[in-house]
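Residue-level structural notes
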Amino acid sequence: MARTRVPRMMFDFVDGAAGREHGVQRNSEALSTIALQPRVLVDVAERSLKTRLLGRDLDLPFGIAPMGMCNLTWPDADRMLAAEVNRRNVPLCLSCAASSSMESIYELTDGKAWFQLYVVNEPDSAMRMAARAEAAGYDVLVLTVDVPQVSRRVRDLRNGFQVPFRFGLKQVLDFALHPEWSLRTLARGIPRTVNFETEERSGGFARDASRAGATWEFLDELRQHWPGKLVVKGVMSAEDAVRIRDAGADAIYVSNHGGRQLDSAPPAIHALPLIRAAVGPDYPLIFDSGVRTGEDVVKALAMGADFVMLGRPVLYAMGADGARGLATLFDMLIHDIDVTLAQIGARTVGEIDGDVLFASHSNRSRTKPDTNPVHIYSPASAGLAT
Ligand SMILES: Cc1cc2nc3c(=O)[nH]c(=O)nc-3n(C[C@H](O)[C@H](O)[C@H](O)COP(=O)(O)O)c2cc1C
(Lines give C-alpha, C1' and ligand atoms only; values in the text may rest on other atoms or scores of the structure.)
Protein backbone atom coordinates (compact mmCIF):
# COMPACT_ATOMS: atom_id res chain seq x y z
CA MET A 1 0.00 0.00 0.00
CA ALA A 2 2.80 2.42 0.86
CA ARG A 3 4.30 1.88 -2.56
CA THR A 4 1.19 3.25 -4.22
CA ARG A 5 0.64 6.22 -1.87
CA VAL A 6 4.21 7.47 -1.43
CA PRO A 7 6.22 9.07 -4.26
CA ARG A 8 8.65 6.64 -5.73
CA MET A 9 11.68 8.70 -4.72
CA MET A 10 10.63 8.65 -1.07
CA PHE A 11 9.51 5.01 -1.07
CA ASP A 12 12.83 3.98 -2.60
CA PHE A 13 14.74 6.02 -0.02
CA VAL A 14 13.11 3.84 2.66
CA ASP A 15 13.00 0.53 0.85
CA GLY A 16 16.36 0.75 -0.88
CA ALA A 17 19.72 -0.43 0.38
CA ALA A 18 23.40 -0.44 -0.50
CA GLY A 19 24.89 -1.90 -3.65
CA ARG A 20 22.91 -4.65 -5.31
CA GLU A 21 20.60 -4.91 -2.31
CA HIS A 22 21.62 -8.47 -1.49
CA GLY A 23 22.45 -7.64 2.12
CA VAL A 24 18.98 -6.38 2.90
CA GLN A 25 17.47 -9.54 1.46
CA ARG A 26 19.85 -11.77 3.38
CA ASN A 27 18.80 -10.16 6.68
CA SER A 28 15.23 -11.36 6.27
CA GLU A 29 16.14 -14.67 4.65
CA ALA A 30 18.47 -15.51 7.54
CA LEU A 31 15.71 -14.81 10.03
CA SER A 32 13.31 -16.97 8.07
CA THR A 33 15.64 -20.00 8.13
CA ILE A 34 15.74 -20.04 11.94
CA ALA A 35 13.20 -22.48 13.33
CA LEU A 36 11.48 -22.29 16.70
CA GLN A 37 10.70 -25.42 18.70
CA PRO A 38 6.96 -25.93 19.27
CA ARG A 39 6.16 -27.16 22.81
CA VAL A 40 2.91 -28.62 24.14
CA LEU A 41 0.96 -29.17 27.36
CA VAL A 42 2.44 -26.13 29.07
CA ASP A 43 -0.06 -23.91 30.86
CA VAL A 44 0.39 -20.74 28.84
CA ALA A 45 -3.04 -19.25 29.54
CA GLU A 46 -1.46 -16.16 31.12
CA ARG A 47 1.21 -14.42 29.08
CA SER A 48 3.07 -11.13 29.32
CA LEU A 49 5.19 -9.20 26.83
CA LYS A 50 6.62 -6.84 29.44
CA THR A 51 10.34 -6.44 29.79
CA ARG A 52 13.02 -4.25 31.32
CA LEU A 53 15.88 -2.47 29.59
CA LEU A 54 18.41 0.13 30.69
CA GLY A 55 16.65 0.60 34.01
CA ARG A 56 13.18 1.08 32.53
CA ASP A 57 10.06 -1.04 32.57
CA LEU A 58 8.67 -1.46 29.06
CA ASP A 59 5.40 -3.00 27.95
CA LEU A 60 6.77 -4.69 24.82
CA PRO A 61 10.07 -6.27 23.76
CA PHE A 62 10.38 -4.00 20.73
CA GLY A 63 10.70 -0.29 19.99
CA ILE A 64 11.39 1.94 17.01
CA ALA A 65 14.81 2.25 15.36
CA PRO A 66 16.29 5.65 14.55
CA MET A 67 15.42 6.75 11.04
CA GLY A 68 16.22 10.10 9.50
CA MET A 69 13.56 12.06 7.64
CA CYS A 70 10.61 9.81 8.51
CA ASN A 71 8.30 12.68 7.56
CA LEU A 72 9.25 12.06 3.94
CA THR A 73 7.32 8.80 4.09
CA TRP A 74 4.23 10.50 5.37
CA PRO A 75 3.78 14.02 6.72
CA ASP A 76 3.84 14.11 10.53
CA ALA A 77 5.30 10.60 10.76
CA ASP A 78 7.54 11.61 13.68
CA ARG A 79 4.54 12.78 15.69
CA MET A 80 2.66 9.57 14.87
CA LEU A 81 5.62 7.52 16.08
CA ALA A 82 5.85 9.59 19.25
CA ALA A 83 2.15 9.15 20.00
CA GLU A 84 2.30 5.42 19.34
CA VAL A 85 5.31 4.72 21.59
CA ASN A 86 3.76 6.80 24.31
CA ARG A 87 0.60 4.73 24.18
CA ARG A 88 2.54 1.45 24.05
CA ASN A 89 5.20 2.37 26.61
CA VAL A 90 8.22 1.55 24.46
CA PRO A 91 11.16 3.67 23.25
CA LEU A 92 11.36 5.62 20.02
CA CYS A 93 14.94 6.33 19.06
CA LEU A 94 14.89 9.75 17.39
CA SER A 95 17.49 10.15 14.65
CA CYS A 96 19.60 13.29 14.75
CA ALA A 97 18.68 13.52 11.06
CA ALA A 98 14.96 13.61 11.87
CA SER A 99 12.91 16.56 10.76
CA SER A 100 11.40 17.12 14.21
CA SER A 101 13.29 18.87 16.94
CA MET A 102 14.69 16.63 19.64
CA GLU A 103 12.96 18.79 22.26
CA SER A 104 9.50 18.38 20.74
CA ILE A 105 9.80 14.60 20.46
CA TYR A 106 11.10 14.24 23.99
CA GLU A 107 8.04 16.10 25.18
CA LEU A 108 5.58 14.23 22.96
CA THR A 109 6.87 10.87 24.18
CA ASP A 110 6.83 11.90 27.81
CA GLY A 111 10.55 11.17 28.03
CA LYS A 112 10.32 7.73 26.41
CA ALA A 113 12.46 8.77 23.43
CA TRP A 114 16.14 8.02 23.03
CA PHE A 115 18.40 10.24 20.93
CA GLN A 116 20.64 8.91 18.14
CA LEU A 117 23.84 10.73 17.26
CA TYR A 118 26.03 10.74 14.15
CA VAL A 119 29.45 12.32 14.17
CA VAL A 120 29.04 14.47 11.09
CA ASN A 121 31.99 16.68 10.16
CA GLU A 122 33.92 17.69 13.28
CA PRO A 123 33.51 15.77 16.53
CA ASP A 124 32.95 19.03 18.43
CA SER A 125 29.61 19.65 16.81
CA ALA A 126 28.49 16.10 17.67
CA MET A 127 29.52 16.74 21.26
CA ARG A 128 27.46 19.93 21.25
CA MET A 129 24.48 18.04 19.90
CA ALA A 130 24.84 15.48 22.70
CA ALA A 131 24.90 18.34 25.22
CA ARG A 132 21.71 19.70 23.68
CA ALA A 133 20.08 16.27 23.99
CA GLU A 134 21.10 16.12 27.64
CA ALA A 135 19.63 19.58 28.22
CA ALA A 136 16.40 18.47 26.54
CA GLY A 137 16.11 15.67 29.13
CA TYR A 138 17.26 12.59 27.17
CA ASP A 139 18.94 9.94 29.25
CA VAL A 140 19.66 7.36 26.53
CA LEU A 141 22.08 8.34 23.77
CA VAL A 142 22.67 5.99 20.83
CA LEU A 143 25.91 6.62 18.95
CA THR A 144 25.72 5.17 15.43
CA VAL A 145 29.12 4.02 14.22
CA ASP A 146 28.46 2.05 11.04
CA VAL A 147 28.28 5.00 8.66
CA PRO A 148 31.86 6.26 8.33
CA GLN A 149 30.73 7.21 4.85
CA VAL A 150 27.23 6.96 3.44
CA SER A 151 27.02 4.11 0.95
CA ARG A 152 25.87 4.50 -2.58
CA ARG A 153 22.26 3.50 -2.78
CA VAL A 154 21.54 2.96 -6.41
CA ARG A 155 17.85 3.73 -6.25
CA ASP A 156 18.58 7.11 -4.66
CA LEU A 157 21.10 7.90 -7.39
CA ARG A 158 18.64 6.89 -10.06
CA ASN A 159 15.82 8.93 -8.53
CA GLY A 160 17.98 11.99 -7.85
CA PHE A 161 17.31 11.76 -4.10
CA GLN A 162 19.54 14.06 -2.10
CA VAL A 163 19.52 16.00 1.15
CA PRO A 164 19.25 19.02 1.05
CA PHE A 165 16.63 18.48 -1.65
CA ARG A 166 16.83 19.56 -5.22
CA PHE A 167 13.83 19.05 -7.44
CA GLY A 168 13.69 18.75 -11.21
CA LEU A 169 11.03 17.71 -13.68
CA LYS A 170 11.34 14.02 -12.81
CA GLN A 171 10.64 14.64 -9.13
CA VAL A 172 7.77 17.04 -9.85
CA LEU A 173 6.13 14.38 -12.02
CA ASP A 174 6.60 11.82 -9.26
CA PHE A 175 4.89 14.19 -6.78
CA ALA A 176 2.07 14.93 -9.22
CA LEU A 177 1.31 11.22 -9.41
CA HIS A 178 0.95 11.08 -5.61
CA PRO A 179 -1.30 14.05 -4.91
CA GLU A 180 -2.37 13.23 -1.34
CA TRP A 181 1.22 12.94 -0.16
CA SER A 182 2.19 16.08 -2.09
CA LEU A 183 -0.63 18.29 -0.86
CA ARG A 184 -0.16 17.20 2.74
CA THR A 185 3.60 17.71 2.48
CA LEU A 186 3.13 21.17 1.02
CA ALA A 187 0.71 22.02 3.81
CA ARG A 188 3.12 20.81 6.51
CA GLY A 189 6.25 22.23 4.86
CA ILE A 190 9.07 20.29 3.22
CA PRO A 191 10.93 18.37 5.96
CA ARG A 192 14.27 19.81 7.08
CA THR A 193 16.95 18.30 9.27
CA VAL A 194 16.17 20.81 11.99
CA ASN A 195 18.48 19.41 14.66
CA PHE A 196 21.46 20.42 12.56
CA GLU A 197 20.23 23.97 12.23
CA THR A 198 21.60 26.37 14.78
CA GLU A 199 21.67 30.13 15.03
CA GLU A 200 25.07 30.19 13.37
CA ARG A 201 24.42 27.47 10.82
CA SER A 202 21.19 27.10 8.92
CA GLY A 203 22.28 24.71 6.16
CA GLY A 204 21.20 21.56 8.00
CA PHE A 205 22.64 18.15 7.42
CA ALA A 206 24.71 17.24 4.38
CA ARG A 207 23.82 13.60 3.88
CA ASP A 208 26.97 12.68 2.00
CA ALA A 209 29.38 14.35 4.40
CA SER A 210 31.89 12.04 6.06
CA ARG A 211 30.87 10.64 9.44
CA ALA A 212 34.27 9.13 10.06
CA GLY A 213 34.76 11.25 13.19
CA ALA A 214 33.20 8.40 15.16
CA THR A 215 36.41 6.80 16.42
CA TRP A 216 37.54 4.97 19.55
CA GLU A 217 38.86 8.31 20.86
CA PHE A 218 35.50 9.94 20.23
CA LEU A 219 33.75 7.11 22.05
CA ASP A 220 36.00 7.61 25.09
CA GLU A 221 35.38 11.33 25.06
CA LEU A 222 31.64 10.89 24.69
CA ARG A 223 31.61 8.41 27.56
CA GLN A 224 33.33 10.98 29.75
CA HIS A 225 30.83 13.71 28.90
CA TRP A 226 27.53 11.84 28.56
CA PRO A 227 26.12 11.14 32.03
CA GLY A 228 23.19 8.95 30.92
CA LYS A 229 23.02 5.56 29.29
CA LEU A 230 25.24 5.21 26.25
CA VAL A 231 24.42 2.70 23.49
CA VAL A 232 26.65 2.04 20.47
CA LYS A 233 24.73 1.14 17.30
CA GLY A 234 25.88 -0.67 14.19
CA VAL A 235 28.14 -3.28 15.77
CA MET A 236 28.65 -6.55 13.87
CA SER A 237 31.97 -7.86 15.25
CA ALA A 238 32.41 -9.68 18.57
CA GLU A 239 35.85 -8.14 18.94
CA ASP A 240 34.49 -4.61 18.53
CA ALA A 241 31.65 -5.42 20.92
CA VAL A 242 34.00 -6.44 23.73
CA ARG A 243 36.07 -3.31 23.27
CA ILE A 244 32.95 -1.11 23.24
CA ARG A 245 31.66 -2.77 26.40
CA ASP A 246 35.04 -2.23 28.03
CA ALA A 247 35.01 1.42 26.96
CA GLY A 248 32.00 1.85 29.22
CA ALA A 249 28.99 1.64 26.88
CA ASP A 250 25.83 0.54 28.70
CA ALA A 251 24.51 -1.50 25.78
CA ILE A 252 25.42 -2.58 22.27
CA TYR A 253 23.00 -2.31 19.38
CA VAL A 254 23.75 -5.10 16.91
CA SER A 255 22.74 -3.98 13.42
CA ASN A 256 23.98 -3.84 9.86
CA HIS A 257 21.87 -0.75 9.21
CA GLY A 258 19.29 -2.82 7.39
CA GLY A 259 21.73 -3.56 4.58
CA ARG A 260 22.03 0.13 3.79
CA GLN A 261 25.78 0.36 4.31
CA LEU A 262 27.79 -2.76 3.34
CA ASP A 263 25.95 -4.92 0.85
CA SER A 264 28.23 -7.87 1.63
CA ALA A 265 27.84 -7.65 5.40
CA PRO A 266 26.63 -10.87 7.00
CA PRO A 267 23.01 -10.96 8.12
CA ALA A 268 22.85 -9.12 11.44
CA ILE A 269 21.08 -12.10 13.06
CA HIS A 270 24.22 -14.18 12.35
CA ALA A 271 26.40 -11.71 14.24
CA LEU A 272 24.06 -11.59 17.25
CA PRO A 273 24.86 -14.94 18.97
CA LEU A 274 28.57 -14.45 18.38
CA ILE A 275 28.39 -11.07 20.08
CA ARG A 276 26.24 -12.51 22.88
CA ALA A 277 28.84 -15.20 23.48
CA ALA A 278 31.62 -12.60 23.56
CA VAL A 279 30.01 -10.04 25.90
CA GLY A 280 28.53 -12.54 28.34
CA PRO A 281 24.98 -13.48 29.30
CA ASP A 282 23.95 -10.32 31.15
CA TYR A 283 25.24 -7.46 29.05
CA PRO A 284 22.37 -5.60 27.31
CA LEU A 285 22.08 -6.20 23.57
CA ILE A 286 19.63 -4.47 21.27
CA PHE A 287 19.00 -5.80 17.76
CA ASP A 288 17.66 -4.67 14.41
CA SER A 289 17.94 -5.46 10.69
CA GLY A 290 15.38 -7.56 8.91
CA VAL A 291 12.74 -7.90 11.62
CA ARG A 292 9.34 -8.08 9.93
CA THR A 293 7.09 -10.24 12.12
CA GLY A 294 6.43 -11.05 15.74
CA GLU A 295 8.13 -14.41 15.23
CA ASP A 296 11.21 -12.52 14.04
CA VAL A 297 11.17 -10.58 17.31
CA VAL A 298 11.04 -13.85 19.26
CA LYS A 299 13.87 -15.30 17.17
CA ALA A 300 16.08 -12.27 17.81
CA LEU A 301 15.44 -12.61 21.55
CA ALA A 302 16.26 -16.32 21.31
CA MET A 303 19.50 -15.58 19.48
CA GLY A 304 20.68 -13.33 22.30
CA ALA A 305 18.98 -9.93 22.09
CA ASP A 306 17.35 -8.28 25.09
CA PHE A 307 15.34 -5.90 22.96
CA VAL A 308 14.47 -5.52 19.29
CA MET A 309 14.01 -2.44 17.13
CA LEU A 310 11.75 -2.06 14.11
CA GLY A 311 12.96 -0.08 11.15
CA ARG A 312 11.36 0.00 7.72
CA PRO A 313 8.08 -1.72 8.71
CA VAL A 314 6.90 1.32 10.69
CA LEU A 315 7.52 3.55 7.68
CA TYR A 316 5.69 1.18 5.33
CA ALA A 317 2.80 1.14 7.80
CA MET A 318 2.53 4.94 7.96
CA GLY A 319 2.99 5.25 4.20
CA ALA A 320 0.12 2.79 3.80
CA ASP A 321 -2.34 4.25 6.29
CA GLY A 322 -0.81 6.95 8.51
CA ALA A 323 -1.31 6.68 12.27
CA ARG A 324 -3.91 3.98 11.77
CA GLY A 325 -1.44 1.89 9.77
CA LEU A 326 1.12 2.25 12.53
CA ALA A 327 -1.35 1.18 15.21
CA THR A 328 -2.38 -1.79 13.06
CA LEU A 329 1.26 -2.84 12.69
CA PHE A 330 1.77 -2.70 16.46
CA ASP A 331 -1.41 -4.72 17.04
CA MET A 332 -0.31 -7.34 14.51
CA LEU A 333 3.16 -7.68 16.01
CA ILE A 334 1.85 -7.87 19.56
CA HIS A 335 -0.65 -10.52 18.59
CA ASP A 336 2.01 -12.45 16.67
CA ILE A 337 4.51 -12.39 19.57
CA ASP A 338 1.84 -13.33 22.07
CA VAL A 339 0.67 -16.33 20.04
CA THR A 340 4.26 -17.35 19.36
CA LEU A 341 4.97 -17.41 23.10
CA ALA A 342 2.03 -19.76 23.54
CA GLN A 343 3.24 -22.01 20.72
CA ILE A 344 6.73 -22.38 22.17
CA GLY A 345 5.49 -22.93 25.71
CA ALA A 346 6.68 -19.61 27.12
CA ARG A 347 4.71 -17.26 29.36
CA THR A 348 7.06 -14.30 29.43
CA VAL A 349 9.66 -12.64 27.26
CA GLY A 350 12.22 -13.45 29.94
CA GLU A 351 11.74 -17.17 29.30
CA ILE A 352 12.92 -16.83 25.70
CA ASP A 353 16.47 -18.06 25.28
CA GLY A 354 18.45 -20.42 23.05
CA ASP A 355 16.36 -23.34 24.27
CA VAL A 356 13.37 -22.21 22.20
CA LEU A 357 15.36 -22.72 18.98
CA PHE A 358 14.76 -25.95 17.10
CA ALA A 359 16.81 -29.13 17.13
CA SER A 360 20.56 -28.65 17.04
CA HIS A 361 19.93 -25.16 18.36
CA SER A 362 18.52 -26.53 21.57
CA ASN A 363 21.77 -26.81 23.50
CA ARG A 364 22.26 -23.11 22.98
CA SER A 365 21.44 -21.24 26.12
CA ARG A 366 22.96 -17.93 27.11
CA THR A 367 25.22 -19.62 29.56
CA LYS A 368 26.49 -22.27 27.16
CA PRO A 369 26.46 -20.63 23.75
CA ASP A 370 27.52 -22.59 20.72
CA THR A 371 29.63 -20.08 18.88
CA ASN A 372 29.98 -22.00 15.66
CA PRO A 373 27.84 -20.06 13.20
CA VAL A 374 27.72 -23.01 10.81
CA HIS A 375 25.99 -25.11 13.48
CA ILE A 376 23.64 -22.31 14.22
CA TYR A 377 22.44 -21.27 10.84
CA SER A 378 22.74 -23.82 8.14
CA PRO A 379 19.22 -24.96 7.30
CA ALA A 380 20.51 -28.54 7.26
CA SER A 381 21.83 -28.35 10.81
CA ALA A 382 18.51 -26.92 11.89
CA GLY A 383 16.81 -29.97 10.47
CA LEU A 384 15.11 -28.00 7.74
CA ALA A 385 14.75 -29.26 4.21
CA THR A 386 17.25 -27.57 1.96
C1 LIG B 1 14.82 5.51 5.88
C2 LIG B 1 15.83 5.07 6.88
C3 LIG B 1 16.60 6.02 7.54
C4 LIG B 1 17.53 5.61 8.51
N5 LIG B 1 18.20 6.57 9.19
C6 LIG B 1 19.01 6.20 10.21
C7 LIG B 1 19.60 7.19 11.05
O8 LIG B 1 19.39 8.39 10.86
N9 LIG B 1 20.40 6.76 12.05
C10 LIG B 1 20.63 5.43 12.30
O11 LIG B 1 21.35 5.09 13.24
N12 LIG B 1 20.07 4.48 11.52
C13 LIG B 1 19.26 4.83 10.51
N14 LIG B 1 18.65 3.86 9.75
C15 LIG B 1 18.86 2.44 10.07
C16 LIG B 1 17.81 1.92 11.08
O17 LIG B 1 18.02 2.47 12.35
C18 LIG B 1 17.87 0.40 11.23
O19 LIG B 1 19.17 0.02 11.58
C20 LIG B 1 17.46 -0.35 9.96
O21 LIG B 1 16.34 0.27 9.35
C22 LIG B 1 17.13 -1.80 10.30
O23 LIG B 1 16.83 -2.55 9.15
P24 LIG B 1 15.31 -2.93 8.73
O25 LIG B 1 14.60 -1.64 8.60
O26 LIG B 1 15.45 -3.61 7.42
O27 LIG B 1 14.78 -3.80 9.80
C28 LIG B 1 17.72 4.25 8.78
C29 LIG B 1 16.96 3.30 8.08
C30 LIG B 1 16.02 3.68 7.16
C31 LIG B 1 15.19 2.64 6.47
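Since we're looking at a predicted model, the values are computed, not measured.

1. Quick notes on a negative patch on the surface
Residues E122, D124, E217, D220 and E221 make up a contiguous surface patch of negative charge. Broken down by element, the negative patch gets its largest block of residues, three residues, from helix α10 (residues 216–225). Position of E217 relative to the elements: it lies in helix α10. Its relative accessible area of 57% is what places E217 among the exposed residues.

2. As for the packing of helix α4 (residues 77–88) against helix α14 (residues 312–343)
With their axes 11 Å apart at the nearest point, α4 and α14 run at an angle of 10° to one another. Classified by the angle between their axes, α4 and α14 sit roughly parallel to one another. Of the two possible hands of crossing, α4 and α14 adopt the one that is right-handed. Counted together, A77, M80, L81, E84, R87 and R88 of α4 and V314, M318, G322, A323, L326, A327, F330, D331 and I334 of α14 form the full contact between these two elements.

3. Notes on helix α12 (residues 268–279)
For α12, spanning twelve residues, the distance from its first C-alpha to its last is 16 Å, which sits close to the expected 16 Å at 1.5 Å a residue. Among all positions of α12, only A268, I269, A271, L272, P273, I275, R276 and V279 are buried. Where α12 terminates, the next one or two residues include G280, which has phi positive at roughly 95°.

4. Let's talk about a nonpolar patch on the surface
Together, F167, V172 and I190 give the surface a local cluster of nonpolar side chains, amounting to about 250 Å² of exposed area. According to the relative accessible area criterion, V172 is partly exposed, its value standing at 45%.

5. Description of the packing of helix α13 (residues 294–302) against α14
The geometry of α13 relative to α14 is characterised by a closest axis approach of 7 Å and an angle of 55° between their N-to-C directions. Between α13 and α14, the interaxial angle falls into the category oblique. Considering the relative orientation of α13 and α14, their crossing is right-handed. In this structure, α13 contributes G294, E295, V297 and V298 to the contact, and α14 contributes L333, D336, I337 and T340. Classifying every residue of the contact of α13 with α14 gives four nonpolar, two polar and two charged.

6. Re the packing of aromatic side chains
A full pass over the atoms with the stated rule returns seven aromatic pairs. A centroid spacing of 4.5 Å and a plane angle of 15° characterise the contact between F13 and F161, whose relative ring orientation is stacked. Taken together, the positions of F13 in helix α2 (residues 8–15) and F161 in the loop between α7 (154–159) and α8 (169–176) put the pair 148 residues apart, joining distant regions of the chain. We note that F13, like F161, is buried. Relative to W181, the ring of F175 has its centre 5.2 Å away and its plane inclined at 25°; by these criteria the two rings are stacked.

7. A look at the site of the ligand
The local shell around the ligand holds 23 residues, among which P66, S95, T144, R292 and R312 are the closest. One of the side-chain N or O atoms of S255 is found 3.3 Å from an oxygen atom in the ligand. Compared with its free state, where it exposes 610 Å², the ligand has 98% of that area covered by protein. Given that more than half its atoms are within 2 Å of the pocket grid, the ligand belongs to the largest cavity. At the level of secondary structure, the elements contributing two or more residues to the shell around the ligand comprise α2 and α14.

8. Description of the pattern of salt bridges
What the rule picks out here adds up to 21 salt bridges. Notably, a salt bridge pairs R324 with D321, separated by 3.1 Å at the nearest N-O pair. Of this pair, R324 and D321 both sit in helix α14, three residues apart, which is roughly one turn of that helix. Via salt bridges that share partners, R8, D12, D15, E21 and R155 belong to a single interconnected network.

About the criteria used
Residues numbered from 1 in each chain as written. Predicted model: local features only at pLDDT ≥ 70, side-chain atom pairs only at ≥ 80, totals over all residues. Heavy atoms only, no water. Patch = residues over 30% accessible without salt bridge, like charges linked within 9 Å, V, L, I, M, F, W, Y side chains within 5 Å. Areas by Shrake-Rupley, 256 points an atom, 1.4 Å probe, with all protein chains shown as cover. Salt bridge = Lys/Arg side-chain N within 4 Å of Asp/Glu carboxyl O. Lys, Arg positive; Asp, Glu negative; His and termini not counted. Charge placed at Lys NZ, Arg CZ, Asp CG, Glu CD. Helix = DSSP H or I, 4+ residues; strand = E, 2+ residues; numbered from the N terminus. Buried < 20%, exposed > 50% of the residue type's maximum accessible area, 1.4 Å probe, protein only. Axes fitted to C-alpha atoms, helices over the stretch in contact; angles between N-to-C directions. Parallel < 35°, antiparallel > 145°, perpendicular 65-115°, else oblique. Left-handed = near helix turned anticlockwise from the far one by under 90°. Contact = heavy atoms within 4.5 Å. Expected span 1.5 Å × (residues − 1). Nonpolar A, V, L, I, M, F, W, Y, C, P; charged D, E, K, R; others polar. Phe/Tyr/Trp six-rings, centres within 6.5 Å; stacked < 30°, edge-to-face > 60°. Near = heavy atom within 4 Å. Polar contact = N/O pair within 3.5 Å; in protein donor to acceptor, adjacent residues only side chain to side chain. 1 Å grid on protein atoms, 1.4 Å probe; cavity = no way out; pocket = protein on both sides within 12 Å on 5 of 7 lines; lining within 4 Å. Sits in = over half its atoms within 2 Å of the grid points.

Don't take any of this as a statement about function, it's just geometry.
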